[in-house]
Amino acid sequence: MKLYACPKDENNSEREYENMDDKKTGFTSKLGFVFAAAGSAVGLGNIWRFPYLAAKYGGGIFLLVYIVLAVTFGFSLMVTEIAIGRKTGKSAVKAFASLDRRFSFIGYIASAVPIIIFPYYCVIGGWVIKYLTIYFTGQGAEAAADGYFDGFISSPVSPIVFTCIFIFLTAVVVLMGVQKGIEKVSTVMMPVLVLLSIGIAVYSLTIDGAWEGFIYYIKPNFSDFSIKTVVAAMGQLFYSMSLAMGIMITYGSYMRREDNLEGSVRQIEIFDTAVAFFSGMMIIPAVYAFSGGDKDALNQGAGLMFVTLPKVFDTMYGGKLVAAVFFVLVLLAALTSSISLMETIVSIFSDKLKVKRWVICVCVMLISAEVAVPSSLGYGIWSDVKLLGRSILDFFDFISNNIMMPITALLTCIFVAFVIKPKTIEDEVERTENFRSKKLYRIMISFVCPVFLVVILISSVIGYV
Ligand code: PHE
């Protein structure tokens, strides 16, 4: 994958880079790297997925567990992936292979994850485009009505059309290789998104009855704690930080050797978690307010953002305009993430097949559109189809986040702890600066992470299947 990289020639393929003796040309600045990685990390996972999981799994307790996991697990895994990438200068499969031939299979498992996520990610992206068009055509009030969202996602054709538009937009960017433009756009857009989210979040709190919801969101209630909270928070962490799927390895391969790796990881983490936090604050207190404190309303799942936010905008002075701007930003955030997903898939195949890049792009686009159809229909005419007791989209989400990513993460930890040894990673981090969290890192990667991941995997298999 070459996203955002190579300032000189945007159309160079990965393979061309690898023929170079020197390391690939990479980001021109540390900030460029941080923004590019944050562009992949911050997306629908933060704005759409985090709030509904937090609402469902106990509010404050989920938030607490998530933050603890982010600064321990998330940190250690992200350091590992970026360091592996920077050290080897390669993307997942080849990176593992170049460290130890026998372990390239970890790279293959990691690479399968974006292939599963991409189609259903585009279904949600399609919903965002639909809401964007609603606000641009002045139908905001209708969107705030009860049942509007369910009516939309259960219709057979319209959501699929919007999904295809989203896939098409993603494919156009990937095809044209306008990554540098995107890097610029996201540098401006990300801070605006954060500010707007804070503004909407603060407004949400002023709605009658929202305060109680805010308390639910930030105050941990330990009686709500269960292993399910941890499993869900962990899955969300992988997803949101684009971990355990090889993406951060690729980004690391573009990072300059002279930049501070540990500091960059902290920044990406803070950014990603802040956007998630404010998205929850935008949505959860408002759900409380509109449902009159009915906790069942928090359990709506995937539709939470699309059902609640239109109601917030409807009561807000100038809400329609705010809504239009908001959905544009969400769309851009979603696109920067989906582009990184599609780029990864395209580069996996162009590394393996001797076919032109654009042909692969078009094939990935067409196949993804087809694979996305069942996920979309799963909310409508195929709602009777249940895989492991869940809707089709939820099934793909579950398999990737709760099964495959923990497996990849576990294998990565074992690989670092026993094969290449933590010192290899630590040395890479210490190229520039002292590794301040070295002790934490070592304990996490060699003991805590593997043990914990095994527990998570077992419980997610037993508990859910
Ligand atoms: N991290 C992105 C988000 O939060 C989703 C994503 C997953 C993007 C995997 C790229 C790779 O929306």
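Refer to the structure above for everything that follows.
Owing to the predicted nature of the structure, the values given are computational and were not obtained by experimental measurement.

Caption draft 1: A look at the overall build of the protein chain. Across its full length, the protein chain holds 20 helices and zero strands. Expressed along its principal axes, the backbone C-alpha trace of the protein chain runs to roughly 60 × 50 × 40 Å. Within the protein chain, the proportion of its 465 residues that are buried is 61%. Surface summary for the protein chain: the accessible area is close to 17400 Å², and the carbon and sulfur share equals 66%. In the protein chain, 38 side chains carry a positive charge and 35 a negative one; their mean positions are 7 Å apart.

Caption draft 2: Up close: the layout of surface pockets. The volume enclosed by the largest pocket comes to roughly 570 Å³. Together, 26 residues line the largest pocket, and Tyr 52, Lys 56, Gly 301, Ala 302 and Asp 394 are the ones closest to its centre. Looking at the lining of the largest pocket, the elements with two or more residues in it are helix H3 (44-56), helix H8 (148-154), helix H12 (227-240) and helix H18 (392-420). Of the residues that constitute the lining of the largest pocket, the class distribution is twelve nonpolar, seven polar and seven charged. Empty space within the second largest pocket amounts to approximately 250 Å³.

Caption draft 3: Representation of the packing of aromatic side chains. Under the definition given, this model contains 30 aromatic pairs. Grouped by ring-pair contacts, the aromatic residues Trp 127, Tyr 131, Tyr 135, Tyr 148, Phe 149, Phe 306, Phe 313, Phe 326, Phe 327 and Tyr 379 constitute a single cluster. Looking at Arg 49, its charged tip hangs above the ring of Tyr 239, at a distance of 4.8 Å from the centre. A cation over a ring is seen here: Arg 266 above Phe 75, with NZ or CZ 3.8 Å from the ring centre.

Caption draft 4: Region of the structure containing the environment of Trp 358. Relative to the assigned elements, Trp 358 resides in helix H17 (residues 357-377). For the pair Trp 358 and Val 174, spaced 184 residues apart in sequence, the C-alpha to C-alpha distance is 9.1 Å.

Caption draft 5: Here's a closer look at empty space enclosed by the protein. Under the defined criterion, the tally for this structure stands at three cavities of 30 Å³ or more. Its volume calculated, the largest cavity comes out at about 160 Å³. Lining the largest cavity are 15 residues, and of these Ser 91, Val 93, Ser 111, Ile 348 and Asp 351 sit closest to its centre. Those elements that provide at least two residues to the lining of the largest cavity are helix H5 (92-99), helix H6 (104-136) and helix H16 (319-352). Ranked by the residues each element gives to the lining of the largest cavity, the list is headed by H16, at five residues.

Caption draft 6: Structural context of the site of the ligand. Around the ligand, the surrounding shell holds 15 residues, and the nearest of these are Ala 41, Leu 44, Gly 45, Tyr 121 and Tyr 239. In this structure, an oxygen atom belonging to the ligand sits 3.0 Å away from a main-chain N or O atom of Leu 44. At a separation of 2.7 Å, an oxygen atom of the ligand approaches a polar backbone atom of Gly 45. Surface burial for the ligand is 100%, taken as the share of its 320 Å² of free accessible area covered by protein chains. More than half of the atoms of the ligand fall within 2 Å of the grid points belonging to the second largest cavity. Residue composition of the shell around the ligand, by class: seven nonpolar, eight polar and no charged.

Cut-offs and rules
Residues numbered from 1 in each chain as written. Predicted model: local features only at pLDDT ≥ 70, side-chain atom pairs only at ≥ 80, totals over all residues. Heavy atoms only, no water. Helix = DSSP H or I, 4+ residues; strand = E, 2+ residues; numbered from the N terminus. Buried < 20%, exposed > 50% of the residue type's maximum accessible area, 1.4 Å probe, protein only. Areas by Shrake-Rupley, 256 points an atom, 1.4 Å probe, with all protein chains shown as cover. Lys, Arg positive; Asp, Glu negative; His and termini not counted. Charge placed at Lys NZ, Arg CZ, Asp CG, Glu CD. 1 Å grid on protein atoms, 1.4 Å probe; cavity = no way out; pocket = protein on both sides within 12 Å on 5 of 7 lines; lining within 4 Å. Points joined across faces, edges and corners; volume = space filled by probe spheres on them. Nonpolar A, V, L, I, M, F, W, Y, C, P; charged D, E, K, R; others polar. Phe/Tyr/Trp six-rings, centres within 6.5 Å; stacked < 30°, edge-to-face > 60°. Lys NZ or Arg CZ within 6 Å of the ring centre and 35° of its normal. Near = heavy atom within 4 Å. Polar contact = N/O pair within 3.5 Å; in protein donor to acceptor, adjacent residues only side chain to side chain. Sits in = over half its atoms within 2 Å of the grid points.

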